[in-house]
Amino acid sequence: MLFAIAVLAIAVFACTLWCSVTVARMRDIPTWRRFLPLALFLASNAASLLRAFDRPEIANVAAFPLNVAVVLVALAEIRASRRRRDAAPARSM
C-alpha cells in the first residue's frame, strides 16, 4: 500500500511539474500568467516540506489544494494556447 501511495505521489509531482514548465515556456501570454503555475508549484512543495519540520497541519491544508490549482491553471492555459494556435490559420484566409 505504501508503494502505491509513493507511485501516486510521484505521478502527481511529475504531472504538476510538466504542466507548470509547459506553461512557463509559452511566449505568447503575459509573464505573470506564464509563471503563476510555477509559483504555485513551488509554494505547494514548500508546504509539503513543512512536514519535515513537524508542521503537518499546514502541509495537509495547503499542499494538495495548491497542486490542484497548478494543474487547473496550467491546463486552462495549455488549452487556450491550443485554441489560439488552431484559430490562427483560419483568420489568415
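We now turn to the structure provided with this report. Predicted model, so just to flag it, every value in this text is computed and none were measured.

To continue, consider the nonpolar core. With six residues, the main nonpolar core is built from C19, V23, M26, I29, A74 and I78. Secondary structure elements with two or more residues in this core: helix 1 (2-24) and helix 3 (56-91). With near-sequence residues (within four places) excluded, V23 lies in contact with I29, R33, R34, P37, A74, E77 and I78.

Locating S81 in the fold gives a position in helix 3. For the pair S81 and V68, spaced 13 residues apart in sequence, the C-alpha to C-alpha distance is 20 Å. Ignoring anything within four residues of it in the chain, the contact list for S81 reads M26 and D28.

So, on to unusual backbone geometry. Look at D54: it is not a glycine, yet its phi comes out positive at around 60 degrees. With respect to the element layout, D54 can be found in the loop between helix 2 (31-49) and helix 3.

One pass over the structure, following the stated rule, counts two salt bridges. The partner of R84 in a salt bridge is D28, and the shortest N-O contact between them spans 3.4 Å. Taken together, the positions of R84 in helix 3 and D28 in the loop between helix 1 and helix 2 put the pair 56 residues apart, joining distant regions of the chain. Judged by relative accessible area, which is 30%, R84 ranks as partly exposed. Given the relative accessible area of 49%, D28 is considered partly exposed. A salt bridge links E77 to R33, with the nearest nitrogen and oxygen atoms 2.9 Å apart. Residue E77 is found in helix 3, and its partner R33 is found in helix 2; the two are separated by 44 residues along the sequence. We classify R33 as partly exposed; its relative accessible area is 25%.

Scoring rules and cut-offs
- Residue numbers here run from 1 along each chain, matching the order of that chain's written sequence.
- pLDDT decides what is reported in this predicted model: residues at 70 or higher carry local features, side-chain atom pairs at 80 or more are listed and counted, and totals for whole chains, interfaces and linings draw on all residues regardless.
- Where side-chain values are given, they derive from all heavy atoms of the structure, hydrogens and water being excluded.
- Put simply, a nonpolar core is a bunch of buried Ala, Val, Leu, Ile, Met, Phe, Trp, Tyr and Cys residues held in one set by side-chain atoms that sit within 4.5 Å of each other.
- Throughout this description, buried means an accessible area under 20% of the type-specific maximum (1.4 Å probe, protein chains only), exposed means over 50%, and partly exposed covers the range between.
- By the criteria applied, helices consist of DSSP H or I runs no shorter than four residues and strands consist of E runs no shorter than two, each listed in order from the N terminus.
- Residue contacts follow a heavy-atom distance rule, with two residues in contact if any of their heavy atoms lie within 4.5 Å.
- One speaks of a salt bridge when a side-chain nitrogen belonging to Lys or Arg is within 4 Å of a carboxyl oxygen belonging to Asp or Glu.

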